Amino acid sequence: DAVAALKASLRPEATVKRDGIWKSIDASLLVPGDLVLLSTGAAVPADCTVCEGTLEIDQSSLTGESIPISVFKGELCKMGSTVARGEVEGLVMS
């Protein structure tokens, strides 16, 4: 069925570290406390805080703002935004 195939291809995935191993999982399976990899071009799979470093996040789908914002250690990245530049680990909050 073409519709089922399209839905499956659009399912958001996340790179998560569990049991010390990075793996790709369905983003709907993330839970608070998971460590996820946020990298350029990827959608932010859940609300999470930046553990170390800095990212540029495109939040235009959420806020309408066309210019990416910088997000620093300890700050929140919102689900549905896109990483415009950088690669960091994020701690899932919700």
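Residues numbered from 1 in each chain as written. Predicted model: local features only at pLDDT ≥ 70, side-chain atom pairs only at ≥ 80, totals over all residues. Heavy atoms only, no water.

> Describe the sheet that holds strand β2 (residues 21-26), listing the residues and the values that go with them.
What the 6 strands build is an open sheet, ordered β2-β1-β3-β9-β4-β7; its pairing is antiparallel. Both edges of this open sheet fall to β2 and β7 (76-77), since each of them pairs with a single strand only. When strand β4 (residues 48-50) meets β7, the two strands line up antiparallel, connected through 2 bridges. Its bridge partner being in β7, cysteine 48 is matched across the sheet by cysteine 77. (Pairing = 2+ DSSP bridges. Helix = DSSP H or I, 4+ residues; strand = E, 2+ residues; numbered from the N terminus.)

> Outline the sheet that holds strand β8 (residues 82-85), supporting the account with residue identities and numerical values.
For sheets, the rule is that strands pair by backbone hydrogen bonds, running either parallel or antiparallel. Taken together, the 3 strands give an open sheet; going across it, the order is β6-β5-β8, and neighbouring strands pair in antiparallel fashion. Pairing within the sheet leaves two strands with one partner each, and these edge strands are β6 (69-72) and β8. Between one strand axis and the next, the sheet turns by 50° as a mean value, whatever way the strands run. As judged from the 3 bridges shared by strand β5 (residues 54-58) and β8, these two strands associate in the antiparallel manner. (Axes fitted to C-alpha atoms, helices over the stretch in contact; angles between N-to-C directions.)

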